[in-house]
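# Observations on chain architecture
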Amino acid sequence: DQQVKQNSPSLSVQEGRISILNCDYTNSMFDYFLWYKKYPAEGPTFLISISSIKDKNEDGRFTVFLNKSAKHLSLHIVPSQPGDSAVYFCAAPRGAGADGLTFGKGTHLIIQP
Amino acid sequence: DTGVSQDPRHKITKRGQNVTFRCDPISEHNRLYWYRQTLGQGPEFLTYFQNEAQLEKSRLLSDRFSAERPKGSFSTLEIQRTEQGDSAMYLCASSFGIENTEAFFGQGTRLTVV
């Protein structure tokens, strides 16, 4: 049962514009979320996280928004750059007492020149 | 420190053979995780260690899979009697401190069972 869902397998955005990647979750007990970025033939790398006590966290060009009532979070990248082309995974801790993360299926972001 | 290291990067094996993968975590990290990723999916949790103790195994980890972390340093993941369905990317990650903090991933081992 997929507790973290990324419903867009791919997204194409023009360089310089805003990229918005979406993620929905089903477990209302989740209190911490992470975004990972993955290039081909490499492991995922941590990008940004957000705690449920916040509704926004910003780090340079990357901002994550959390809407707890809708069980929805989004990652905004502004402005988008060619190096941002990658697969982005939304993740959350697996649950109370369980270590490790549960991941969405990922969204392949393609930045067009 | 060069980060989490996995070896080999690629492994092709015949069905029925045994394979072993190695992961060297970031040296001060006490937590080590194994994940499996198949095409079109995100990483799926397999097992994790806190120091040398294996604290949890996913139901995805059949009896043919075994993982160890002797002395709380590097870890190995062995798959016995490989099946074609075992073909996947096997990812190792490590973290330090309390549970569910940011984990650092290795580059993975791509297993192909023919």
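Since the structure is predicted, the reported quantities are computational estimates derived from the model, not experimental observations.

What follows covers the pattern of salt bridges. Applying the stated rule across the entire model yields seven salt bridges over all chains. Taking the shortest distance from any N to any O, the salt bridge between Glu58 of chain A and Lys56 of chain A comes out at 4.0 Å. On the accessibility criterion, Glu58 of chain A (51% relative accessible area) is exposed. With a shortest N-O distance of 2.5 Å, Arg94 of chain A and Glu56 of chain B are connected by a salt bridge. Here Arg94 of chain A, found in strand β9 (residues 86–95), pairs with Glu56 of chain B, found in strand β6 (residues 53–57), and the two come from separate chains.

Once that is clear, we can look at the interface of chain B and chain A. Accessible area lost on assembly of the parts is the figure often given for the size of an interface. At the interface, 20 residues of chain B touch 20 residues of chain A. Taken together, both faces of the contact between chain B and chain A bury some 1,700 Å²; the carbon and sulfur share is 51%. Taken together, chain B and chain A are joined by two salt bridges. Here chain B and chain A share six residue pairs in polar contact (both at pLDDT 80 or more) between them. Contributions of two or more residues to the side of chain B that touches chain A are made by β4 (31–37) and β5 (44–50) of chain B.

Residues and elements named next belong to chain B. Spatial ordering of the open sheet is given by β1-β3-β8-β7, a layout of four strands whose pairing is antiparallel. In the strand order of this sheet, the two ends are held by β1 (5–7) and β7 (65–68), each with one partner. Direction aside, the axes of adjacent strands within the sheet are offset by 15 degrees on average. In the sheet, strand β3 (residues 19–24) pairs with strand β8 (residues 75–79) via five bridges, with the strands oriented antiparallel. Looking at the pairing, Val19 lines up with Ile79 of β8.

The rules behind the values
One numbering rule holds for all chains: residues counted from 1, following each sequence as written. A letter from A marks each chain and a number from 1 marks each ligand, given out in the order of writing. A pLDDT threshold of at least 70 governs which residues receive local features in this predicted model, and a stricter bar of 80 or more applies before side-chain atom pairs are shown or counted, although totals over entire chains, interfaces and linings include all residues. Water and hydrogen atoms were dropped before computing side-chain values, which therefore reflect all heavy atoms in the structure. We define a salt bridge as a side-chain nitrogen of Lys or Arg found within 4 Å of a carboxyl oxygen belonging to Asp or Glu. The classification of residues rests on relative accessible area computed with a 1.4 Å probe and restricted to protein chains. Under 20% of the type maximum is buried, over 50% is exposed, and intermediate values are partly exposed. Note on conventions: DSSP H or I runs of at least 4 residues are helices, E runs of at least 2 residues are strands, and numbering of each starts at the N terminus. The contact criterion used is simple: two residues touch if any of their non-hydrogen atoms lie within 4.5 Å. Buried surface area refers to the total accessible area, computed with a probe of radius 1.4 Å, that the two partners give up upon joining, counted for both partners together. The term polar contact refers here to a pair of N or O atoms within 3.5 Å; inside protein, the definition further demands a hydrogen-donor-capable atom paired with an acceptor-capable atom, and it admits residues adjacent in sequence only when both atoms are side-chain atoms. Two strands are said to pair when DSSP picks up at least two bridges between them. Angles run from 0 to 180 degrees between N-to-C directions of axes, and those axes are lines fitted to C-alpha atoms, restricted for helices to the stretch in contact.

So, to be careful, I would describe these as geometric facts and stop short of saying anything about function.
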